[in-house]
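Overview (structure and organization)
So you can see what is in the structure, the chains are spelled out below.
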Amino acid sequence: MDEVTVALSEQVSDAALISMLREQPAAGVAALYDRYGRLIFSVALRIVQDHGAAEEITQDVFLRCWRNIERYQANQGSLPSWLLAITHHRSIDELRSRRGKELRREISDDTIQQLTTFDPGFDEALVRGEVHEALHILPPAQRDVIELIFWGGLTRREVADQLRLPIGTVHTRLRLGMEKLRAALGRSTGAE
Amino acid sequence: MSDDITDSCTDIQPQLAAYALGEADADANLLDHLAACPSCQRDLRAYLQVARVLAYDVSDVAPPPELRERILAAVDQQEQQPAAPPPRLQPALPPAQARRRRIAVPWPAMAFAIAAILALLGWNISLRAQLGEQNSQIAASREGWQTMIALLNDSAVRWYSVAGGSAQGHIWTNASGRTLCLVAQGMPALTGGQVYQVWLLHGNNGTSAGVFEGRNGNGWVLMQLDEPLANYDSINVSIEPPGGSPSQTGPPILHGALSEAQTPNTTERQHTLQLLTLAADQLR
């Protein structure tokens, strides 16, 4: 990354990045990647556990973001949240495909627009720390269920089978865990 | 709508949590409950908020340096190529799959449908701040949109596709054929007070079914017909002068045959809801 791009990516806001994507796609994608590439790649890698696949997914996410920037609506969520939603969806589908599971749906460009987040925007650095802390004070039984669904792409039924639990127990742990996260993260995420 | 938490809400909460986290399977009754339950709507919003920040709990791993160059090379290559046309609807599922009680509803497709309801209800909350005569007009539009969604989810709905150039859309009607809904995207923009006008055709005779406006080429309209839709062969939408025309003067920007009604499968219903969500911006 050259010095000009480093300085540029640190100074421009997400709104300016969006404008740049529209008017100077190459420079815009470069600045967007320099700001969020590491995060997107890390999320993809965490899910698919394969560097090659994570690279492909990362490339796909940034190209789709550029191609669909006209469909992005800032009043429905922050830019990083939108990117993360695309990344999560794409990665889980890749994971399930490798397991021989039915794909949920091909992620069309029309789909991309509707990956809204309902978030009011938040301080990313603050949230990172709070999410880590909130997850790690959850009872492990509740955290495991949430992470198996979110990071592992399992359904509730598959979680029950894997953990050898009744589906009702999975539901209870999921509900209690999400309610605890909701309470712990409420201030920083705007969750009610 | 009751704000009480019921036993069914406790049953619904794990489903909402699972969808927010990205799970694939869904119960077809979830939307019905969600549309009528403010408590569960709040829960879903909150779970979506939580799910969005979970991704930040990840250890940073640097991608290989060459990935950046590959992405930029792909941008250069794609800039040279014309844009791909918008994707068409997927083929309908075989009837056996469409009738399964537990249906594979892909997230975020389910989230789109839920988003349509939440967007409507969130807009409803802001609607309470409106004053004066505009309030009743906006309320009428809101009622119309709710009617359209309810009709789309009716098992007896009759559904058709319409298209023209880069525009696409759907129309659907109830069993009697006298309530007609239309949603479309990609239509040519209106200027100088023009309107989109809907024409129902029998042979060469066209009957106006109504006019509507849009924003950014997206629009929707709910129409009450004097005669059942079954009396007509096809439907056109054209751009007409302010207030509409007694007969069609502009070329059709959307056209569809009415000879074979379909029952939309889940994917098609959700696609239609997506278009409604887009078009709903004109209400804000």
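The model shown is predicted, which means the values in this text are computed figures rather than measured ones. (Residues numbered from 1 in each chain as written. Chains lettered and ligands numbered in written order. Predicted model: local features only at pLDDT ≥ 70, side-chain atom pairs only at ≥ 80, totals over all residues. Heavy atoms only, no water.)

1. Regarding the overall build of chain B
Secondary structure assignment for chain B yields 8 helices and 11 strands. Classification of the 284 residues of chain B by burial places 52% in the buried group. Contacts spanning at least 24 positions in sequence make up 68% of the contacts within chain B whose residues lie at least 6 apart. For chain B, the accessible surface area stands at approximately 12800 Å², while carbon and sulfur atoms represent 50% of it. (Helix = DSSP H or I, 4+ residues; strand = E, 2+ residues; numbered from the N terminus. Buried < 20%, exposed > 50% of the residue type's maximum accessible area, 1.4 Å probe, protein only. Contact = heavy atoms within 4.5 Å. Areas by Shrake-Rupley, 256 points an atom, 1.4 Å probe, with all protein chains shown as cover.)

2. Some words on the packing of helix 8 (residues 140–150) of chain A against helix 9 (residues 156–163) of chain A
All names here are of chain A. Two numbers describe how helix 8 lies on helix 9: the axes approach to 10 Å, and their chain directions differ by 125°. If you check the angle between helix 8 and helix 9, you find them oblique. By crossing handedness, the relation of helix 8 to helix 9 is classed as right-handed. Facing helix 8, whose interface residues are Val145, Leu148 and Ile149, helix 9 presents Arg156, Val159, Gln162 and Leu163. (Axes fitted to C-alpha atoms, helices over the stretch in contact; angles between N-to-C directions. Parallel < 35°, antiparallel > 145°, perpendicular 65-115°, else oblique. Left-handed = near helix turned anticlockwise from the far one by under 90°.)

3. Digging into helix 4 (residues 65–80) of chain B
Residues separated by three or four positions in an α-helix point in the same direction, a consequence of the helix having 3.6 residues per turn. Residue and element names in this part refer to chain B. When helix 4 is considered as a whole, its buried residues turn out to be Leu67, Arg68, Ile71, Leu72, Ala74 and Val75. Looking straight down helix 4, one finds its buried side chains confined to an arc of 155°; they lie on one side. Of the exposed residues in helix 4, those oriented more than 90 degrees away from the buried face are Pro65 and Gln80. (Arc of directions from axis to C-beta.)

4. Quick notes on unusual backbone geometry
Residues and elements named next belong to chain A. Within the chain, Gln49 stands out as a residue other than glycine whose phi angle is a positive 55°. Its place among the elements puts Gln49 in the loop between helix 3 (25–48) and helix 4 (51–67). Gln49 gets classed as exposed once you look at its relative accessible area, which sits at 63%. With a phi angle near 55°, Arg164 is a residue other than glycine that sits in the positive phi range. Following the sequence through the fold, Arg164 ends up in the loop between helix 9 and helix 10 (167–189).

5. Some remarks on the nonpolar core
One finds Leu32, Leu174, Met178 and Leu181 of chain A together with Leu21 and Leu54 of chain B to be the most contacted residues of the largest nonpolar core, which totals 81 residues. Counting residues per element, this core draws most heavily on helix 3 of chain A, which supplies 14 residues. In terms of nonpolar packing, the next biggest core, distinct from the first, is built from 24 residues, Ile171, Phe212, Val221 and Ile253 of chain B among them. (Core = buried A, V, L, I, M, F, W, Y, C linked by side-chain atoms within 4.5 Å.)

6. A closer look at helix 3 (residues 38–54) of chain B
With 17 residues, helix 3 of chain B extends 25 Å from end C-alpha to end C-alpha; this agrees with the ideal 24 Å at 1.5 Å per step. The element helix 3 of chain B is largely enclosed, with a buried count of 16 among its 17 residues. (Expected span 1.5 Å × (residues − 1).)

7. A look at the packing of aromatic side chains
Scanning the model with the defined rule gives 3 aromatic pairs over all chains in all. A centroid spacing of 5.0 Å and a plane angle of 85° characterise the contact between Phe150 of chain A and Trp151 of chain A, whose relative ring orientation is edge-to-face. Neither residue differs from the other here; Phe150 of chain A and Trp151 of chain A are each classed as buried. Ring centres 5.2 Å apart and planes at 35° place the aromatic pair Tyr196 of chain B and Phe212 of chain B in the tilted group. With Tyr196 of chain B in strand 6 (residues 195–202) and Phe212 of chain B in strand 7 (residues 205–212), the pair connects residues that are 16 residues apart, well separated along the chain. The same class applies to Tyr196 of chain B as to Phe212 of chain B, namely buried. Between Arg46 of chain A and the ring centre of Trp151 of chain A, over which it is positioned, the NZ or CZ distance is 4.2 Å. (Phe/Tyr/Trp six-rings, centres within 6.5 Å; stacked < 30°, edge-to-face > 60°. Lys NZ or Arg CZ within 6 Å of the ring centre and 35° of its normal.)

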